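Analysis of the macromolecular model
Spelled out from the first residue to the last, the chains are:
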Amino acid sequence: MARWCYRHRLVVLVLWVGALFGLGVAGTSAGTDYSNVFSLPDTDSKQAYDLMTKAFPRSSGDTDTVVWRSSGDAGSVTDPAVRSRIEPALKEIAGMRGVGEVVGPYGTKNAAQISRDGRTAFAQITFTDQANEVPKDLVQKVVDTAQGAERDGLQVELGGQAITRIQEPPTGVSEVVGIAAAAVVLFLAFGSLFAMLLPIVVAIMGVGSGMMATMLLSHVTNVPEVAPLLGSLIGLGVGIDYALFIVTRHRRGIQRGLEPEESAVRALNTSGRAVLFAGGTVCIALAGMLVMNLRFLDGVVIATSLTVVLSVLAAVTLLPALLGLLGPRVLSRKQRRKLAATGPDPAEASGPAARWSAYVQERPRSIAAMALVVMAVLALPVLSLRLGATDQGNNQESTTTRQAYDLLAEGFGPGFNGPLQVVVPGGADTTELVRTIRATDDVAQAAAAPPAGGITVIQVVPKTSPQSVGTDRLIDRLRDDVIPDAGVEAHVGGVTAVFKDFASVTGDRLPYFVGAIIGLGFLLLLIAFRSLVVPLTAALMNLIAAAASFGVLVAVFQWGWGTEFLGIGKEGPITAFLPVIMLSLLFGLSMDYQVFLVSRMHEEWVHTGDNARAVRVGLAETSRVINCAALIMICVFSAFVLSGDMEGAMAGIGLAAAVALDAFILRTALVPAAMHLLGRSNWWLPGWLEGRLPHLAVEPAEPADPPAESPTGPSKNTGANKNASPNKNTNTNPKPNKNTGPNKTAEPVTTAEPEGSGTGGATVVHGFLRTADGDPLAGASVTLVSRGGRQLDRVTSIADGSYIVSVPAPGAYTLAVTARGLASRAHHVTVGGGPLVYDVELTDDGAGLVN
């Protein structure tokens, strides 16, 4: 497919552009129909909501509030000077098209809309449509008209969901800032304008298609308003990162002498496979949200998964087409001149990444301990995590919604912004119940509205704010004690009660959700790397990363550390649905980095059987691109602080912190340090499980170049790949040298005829180990490894240099030989139906003999 896309690049490009414009036209014509369904089945607040909908079916429009406060010499809000300015404004608003009703405080029935001190009053504006359907022009006209009544000593502010919409920054600001920051990082990494543009174009095509498709899907299923924001957030991150991995592999292939087409095909066949696997893990992690059985999250799963799928599709189809258009120009001019002048680059890793990798190998215990301490300190705030809901009291102080919220809290009490509704069905007498509620602790006031349809609603105003722990306790007290003691059937509802129930259900189901996505990730890594320890380590690292990132989230948004500096408003509880979304995205992204890191280590392990070398080489060759990818994601996620949405800002900061900690501490330090400490145990898999697992190639090794010499005979340089050899003292000297790089040409496969016929069952490989002088080599380690990377047998050569290892069945294997002071060797052998004689010569210059 990669080759077809490369050669038919114009066709692929036209198809993608046509699809994007087609979806754009259809989405723009159809508009959006997002819906926020926070109610939960089988909860008390849901039953209250259903009863109120039945009793008041016409109360469908959004209701917002105009608040005014007089100060100084302006007198009270009932003074003629104040009324003469407010009443004409309210009358003008009531006459606007799209406004259904305006209820002011100056009627005899609405005296409760004036505070006790007479300084604060409010009016309620009911629009004919829900908040997301009210035209912004109408909302802005209402705000301008109301605030036009201000004068010295008279402050007018407005609050409500419709009002919030005009405070949001222009759509796409956060995305544009994130893309611009990613472009800077890509240019610094590649040094080429064209190479920098490739990941950005691919991400824009994938995310743009996903957003347009989400708009259309909102007409056929419930998609919450926050879903497109989260979809663009994750889509931009993974879209740029996936393209980055493929472009990096392609550029490296060209620099090592491959033709552009062959390099692109190999890049898609290696890193492209890893991208498909990584994208699949992200979608599986997102689908884990369905375990929560929360209707609100279904639309989030659809929007984010669809965007990820389209981003992956763009990376594996559109990207090779763009690579075909650019050809060698994917390299900078300087790199092209160097390639022409000096020839292909050597296949070894060098620079800071290689030096850091060697440092980790030298000091794994101290590095692991330091990383664990840092993560533990950052995770401490998570112990005080409290789930809830954000409201307009969390907005920035400069916004009119925040000031209206504060004026109402000051004039009528902090609980006025989050009243509770006690809904009593069946026409029961509520006199005694109202009296009891008024006498309950933390209740400021309670009043019953006239019955409608046999249903009575008691409005209860708490003494504490909607986000206070005291309000949560009041809801529990009403449900558990007050209502049962009154002997009537009643349900506690209202926005505050709905979010409390949402937080409770989320907390109860969160362990099942975490278990589901951890279990799925474990199975995927088990199949990919044929190891029990690698997926167990990954699961533990994911939990550590989650705890530390939520610790950062609590410190910033719940404790208020830096909220004003970041311009994200006032501290409060963490939005109830955010842990589910964040954990899904975090586990998916962490799996991406784990796959890209460990797949290179696993490839080296299969070729050499040397764990220390595998971990060192894998880290040296992948840490730079992983850190670059993480830096891009941090830029994209952090930019969502500018979205004007508190949930979007929480998700952006939380995911940026999670990616930073995961890439720079866990994958770059703690994971490789732990793998050095675990040694060969990293690749352990029980024999009974090996045969039962399906085979999945995540990132296969690049095709082998033909060997320079015959793999048989006594030649010193036969049967081994110099580029695959570690340094002279592989087991004792962790410092990388010119031979610690990637394996440009794989070890040639040696097929030897068996000494005798066999039955096709278990057999052996045996022979002699010698030095370059022909002396027997005693005490060397000989390991037989399956092509899947599992150790099958390990022996030590005896005094005459002989060895014998058991082979379970005929097939292809890797025979790894290591000895102190000599270069380690790895040979691919094919065993037939009987014993195989295989002599190996170890030297100090990276050459070996294959017999």
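Structural data are supplied above this passage.
Computed from a prediction, not measured in an experiment: that's the story for all the values here. (Residues numbered from 1 in each chain as written. Predicted model: local features only at pLDDT ≥ 70, side-chain atom pairs only at ≥ 80, totals over all residues. Heavy atoms only, no water.)

The next thing to look at is the environment of Ile-163. Within the secondary structure layout, Ile-163 lies in helix H6 (residues 161–165). Overall, Ile-163 belongs to the buried group, its relative accessible area being 1%. Residues within four places of Ile-163 in sequence aside, it is in contact with Asp-64, Val-139, Val-143, Leu-158, Thr-400 and Thr-401. (Helix = DSSP H or I, 4+ residues; strand = E, 2+ residues; numbered from the N terminus. Buried < 20%, exposed > 50% of the residue type's maximum accessible area, 1.4 Å probe, protein only. Contact = heavy atoms within 4.5 Å.)

Strand order in this open sheet of 4 strands is S7-S8-S6-S9, and the pairing throughout is antiparallel. Strand pairing shows two members of the sheet lacking a second neighbour, strand S7 (443–448) and strand S9 (491–493), which therefore form its edges. If you compare each strand with its neighbour and ignore which way they point, the axes differ by 25 degrees on average. For strand S6 (residues 420–424) and S9, the ladder comprises 3 bridges, and the chain directions are antiparallel. Bridge pairing links Val-423 to His-491 in S9. The sheet strands contacting helix H16 (residues 431–438) are S6, S7 and strand S8 (456–462), and the helix crosses S7 at an angle near 165 degrees. (Pairing = 2+ DSSP bridges. Axes fitted to C-alpha atoms, helices over the stretch in contact; angles between N-to-C directions.)

Glancing now at the nonpolar core. Met-289, Leu-297, Phe-513, Phe-557, Tyr-593, Ile-632 and Phe-637 are the most contacted members of the largest nonpolar core, which has 161 residues in total. Considering every element that reaches this core, the biggest residue donor is helix H23 (residues 646–678), with 19 residues. Aside from chain neighbours lying at most four places away, what touches Leu-297 is Met-289, Met-292, Phe-577, Val-580 and Ile-581. Ranked by size, the runner-up nonpolar core spans 29 residues in total, among them Leu-90, Ile-125, Val-142 and Val-156. (Core = buried A, V, L, I, M, F, W, Y, C linked by side-chain atoms within 4.5 Å.)

The next thing to look at is helix H21 (residues 578–608). Taking 1.5 Å as the rise per residue, H21 with 31 residues should run 45 Å; its terminal C-alpha atoms sit 44 Å apart, in good agreement. When you tally the buried positions in H21, you get 31 out of 31 residues, the bulk of the element. A positive backbone phi angle near 70 degrees is found at Gly-609, which sits one or two residues after H21. (Expected span 1.5 Å × (residues − 1).)

Attention now moves to the sheet that holds strand S3 (residues 120–127). The 4 strands are arranged S2-S3-S1-S4 in an open sheet whose pairing can be described as antiparallel. Strands at the two margins of the open sheet, each flanked by one partner only, are strand S2 (99–103) and strand S4 (154–159). Averaged over all adjacent pairs, the angle separating strand axes in this sheet is 20 degrees, with direction ignored. In this structure, S2 lies alongside S3, joined through 4 bridges in antiparallel fashion. The residue of S3 that forms the bridge with Val-103 is Gln-124. Strands in contact with helix H5 (residues 136–147) are strand S1 (63–70), S2, S3 and S4; relative to S4, the strand with the most contacts, it is inclined by about 160 degrees. Against the sheet, helix H15 (residues 400–412) contacts S1, S3 and S4, and its axis sits at roughly 110 degrees relative to S4.

The next subject is the pattern of salt bridges. Across all of its chains, the model carries 20 salt bridges by this definition. Here Arg-3 makes a salt bridge to Glu-261, at a shortest N to O gap of 3.3 Å. With Arg-3 in helix H1 (residues 2–7) and Glu-261 in helix H10 (residues 260–287), the pair connects residues that are 258 residues apart, well separated along the chain. We classify Glu-261 as partly exposed; its relative accessible area is 21%. Ionic pairing is found between Arg-69 and Glu-410, a salt bridge with its closest N-O pair at 3.6 Å. Of this pair, Arg-69 sits in strand S1 while Glu-410 sits in helix H15, placing them 341 residues apart in sequence. Overall, the relative accessible area of 18% leaves Arg-69 in the buried class. (Salt bridge = Lys/Arg side-chain N within 4 Å of Asp/Glu carboxyl O.)

Most of strand S17 (residues 825–831) is tucked away, with 6 of its 7 residues classed as buried. With 7 bridges connecting them, strand S16 (residues 811–818) and S17 associate as antiparallel partners. Within S17, the position partnered with Ala-816 by the bridge is Ala-826. Between S16 and S17, which follow one another and run antiparallel, lie 6 residues, and Gly-821 among them has a positive phi close to 85 degrees.

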